[in-house]
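Okay, here's what each chain looks like letter by letter:
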Amino acid sequence: MRAITRQARRTLDRSTGRGLGIRCMGSVASSRSGAPLPNAPSKRYTAVTHPEDAASVTPAVKEVLDRSHAYILPVYARPPIVMAKGKGPYIWDVQGRQYLDFSAGIAVNALGHGDEGVAEVMRTTASTLLHTSNVYHHEYAGKLAELLIKLTQSEGGLGWAPGSSQPVANGTSGAKVFFANSGTEANEGALKVARKVGKERWAKATGKPWDDPSCDKFEIVCFERGFHGRSMGALSVTSNPKYQKPFQPLIPGVKVGQLNDTTALEGLVGDKTCAVIVEPIQGEGGINAAQPEWLRALRKRCDEVGAVLIYDEIQCGLYRTGNLWAHSSVPADAHPDIVTTAKPLANGYPIGAVLMRDSIAEVMTAGTHGTTFGGSPLACALGYHVLSRLSDKAFVASIKQTSEYLEERLSLLTKWFPNILDEKVRGRGLIRGLGFKDTSHPGRVVDMARERGVLLLTAGQDAVRLVPSLNIGAGEVGHAMDVLESCLGVLSSE
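Calculation notes
Residues numbered from 1 in each chain as written. Predicted model: local features only at pLDDT ≥ 70, side-chain atom pairs only at ≥ 80, totals over all residues. Heavy atoms only, no water. Phe/Tyr/Trp six-rings, centres within 6.5 Å; stacked < 30°, edge-to-face > 60°. Helix = DSSP H or I, 4+ residues; strand = E, 2+ residues; numbered from the N terminus. Buried < 20%, exposed > 50% of the residue type's maximum accessible area, 1.4 Å probe, protein only. Lys NZ or Arg CZ within 6 Å of the ring centre and 35° of its normal. Axes fitted to C-alpha atoms, helices over the stretch in contact; angles between N-to-C directions. Left-handed = near helix turned anticlockwise from the far one by under 90°. Contact = heavy atoms within 4.5 Å. Nonpolar A, V, L, I, M, F, W, Y, C, P; charged D, E, K, R; others polar. 1 Å grid on protein atoms, 1.4 Å probe; cavity = no way out; pocket = protein on both sides within 12 Å on 5 of 7 lines; lining within 4 Å. Points joined across faces, edges and corners; volume = space filled by probe spheres on them.

### So, the packing of aromatic side chains
For any pair of aromatic rings, the description consists of the separation of the ring centres together with the inter-plane angle of the planes.
Argument step 1. Under the defined criterion, the tally for this structure stands at three aromatic pairs.
Argument step 2. Measuring from ring centre to ring centre gives 5.1 Å for phenylalanine 223 and tryptophan 294, while their planes differ by 80 degrees; the resulting arrangement is edge-to-face. Within this pair, whereas phenylalanine 223 is found in strand S7 (residues 219-223), its partner tryptophan 294 is found in helix H10 (residues 292-305), the two being separated by 71 residues in sequence. Like tryptophan 294, phenylalanine 223 is buried.
Argument step 3. When the ring of phenylalanine 227 is compared with that of tyrosine 243, the centres are 5.4 Å apart and the planes differ by 70 degrees; the resulting orientation is edge-to-face. Separated by 16 residues along the polypeptide, phenylalanine 227 in the loop between S7 and helix H7 (232-236) and tyrosine 243 in helix H8 (residues 241-244) bring together distant segments of the chain.
Argument step 4. Its relative accessible area of 10% is what places tyrosine 243 among the buried residues.
Argument step 5. In this structure, lysine 85 is placed above the aromatic ring of tryptophan 92, and the distance from its NZ or CZ to the ring centre is 5.5 Å.

So this is what it looks like as structure tokens:
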């Protein structure tokens, strides 16, 4: 733990910008974050430095691309670059070109690339006990589940206000965890549990057996621009025609609402609803945040009709907002029954988790759900290591400090480029979105930034997404913003 704390302190030092070349000339000396702010947008990166045209593709790169085209299912649209190695917030391609990774493997690499602690846990655990299946116990799953639940109790979430604690009594801690292999699987598990809860509650209300064919409490509510995965159940609650249409018909009984529309909740969530699933901050759909009062109203409506409320925190959870969960900062009467998580939990090694209150978990018995690989010794040992470091108080403080500087720099962009950008920066913490007035611009800006050595993502049709590693400092933020400013400057001059 002392080593973890030292690392967090180093991150705090980095976040002040020492030794990282923050652009200071022509800058205001002070800001809320303590890092310098520029007076005008950077023009340093107007020229392409990492070209991707056909002439720039080397024979070695072409060989890799040709092999991929020949043997890999073509479901990804990828640029003609081949990544070779990474360290911290940086990644290098096989041509030796360095990129600042502000996408973090789509919000996955919380501790960056090539982390020595992660690598050591992987080495020692894999050489000791790699896989057992869930036929047997091993020591790591229980430790990670305990850490997830105790952090949720102490920092707020799943019905617990910050500062709570609940000792184990009668064999339970107040919540249970199911481990899966991905975010999609976590959401599938959550929906499956909610369906079973719905049947049990219907049976109790009607006096009929839960498997009676007349049971109609099976509907699921989701929301426009939400993204919950690509398997059939998760895809059915991902209401984007681009993803859904080729695979219809999907599962029946799904209703779609609009985020933050309180007046529609009564008609949307009814007696037939068994589950409501929502991202407190929509990631793939555009970095759209649910309002706390709307979440409170949604919680109230779910309680009125006996529906299970699921928060998908796969992208926005585990300290990306500066709190353990995105919903940790809202009142406990706006909390969910189930929360799903995955992406950063093992820093890139596949893992997913479903946390649920005891009142939900009580319907699940041996054989009602399962997985071969989920909750393996290696996945859980890595998850325990990563989460222990992310939850360190000095590390969390550094996230908040860096987040504040990122917000300040992004806010300058909206003032400098009002003809291109929406007025308000979306999201919070280190899950941020820049909204564009022209929907053709986000993809272009992502391409332009990559050709200047910074990796970004789009979100929805109208936004650029910034989800960097959680241990970045102000220096990396400053560099990414300088590149983004230069790209927007080029775009505005066209």
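### With respect to the packing of helix H5 (residues 139-155) against helix H12 (residues 377-390)
Argument step 1. Viewed as axis vectors pointing N to C, H5 and H12 meet at an angle of 35 degrees, and their least axial separation amounts to 8 Å. The way H5 lies across H12 gives a crossing that is left-handed. Residues Tyr140, Ala141, Lys143, Leu144, Leu147, Leu148 and Leu151 of H5 form the contact with H12, whose participating residues are Pro377, Cys380, Ala381, Gly383, Tyr384, Leu387 and Ser388.
Argument step 2. Broken down by class, the residue content of the contact of H5 with H12 amounts to eleven nonpolar, two polar and one charged.

### Side note on the layout of surface pockets
Argument step 1. In this structure, the second largest pocket encloses a volume near 1100 Å³.
Argument step 2. In terms of lining residues, the second largest pocket is bounded by 36 residues, among which Ala145, Lys176, Val177, Phe178 and Phe179 are the most central.
Argument step 3. Secondary-structure elements contributing two or more residues to the lining of the second largest pocket are H5, strand S6 (175-180), helix H6 (183-206) and strand S14 (352-357).
Argument step 4. Of all the elements, H5 adds the most residues to the lining of the second largest pocket, at seven residues.
Argument step 5. Of the residues that constitute the lining of the second largest pocket, the class distribution is 16 nonpolar, 17 polar and three charged.

Shape is all these values report; function is a separate question.
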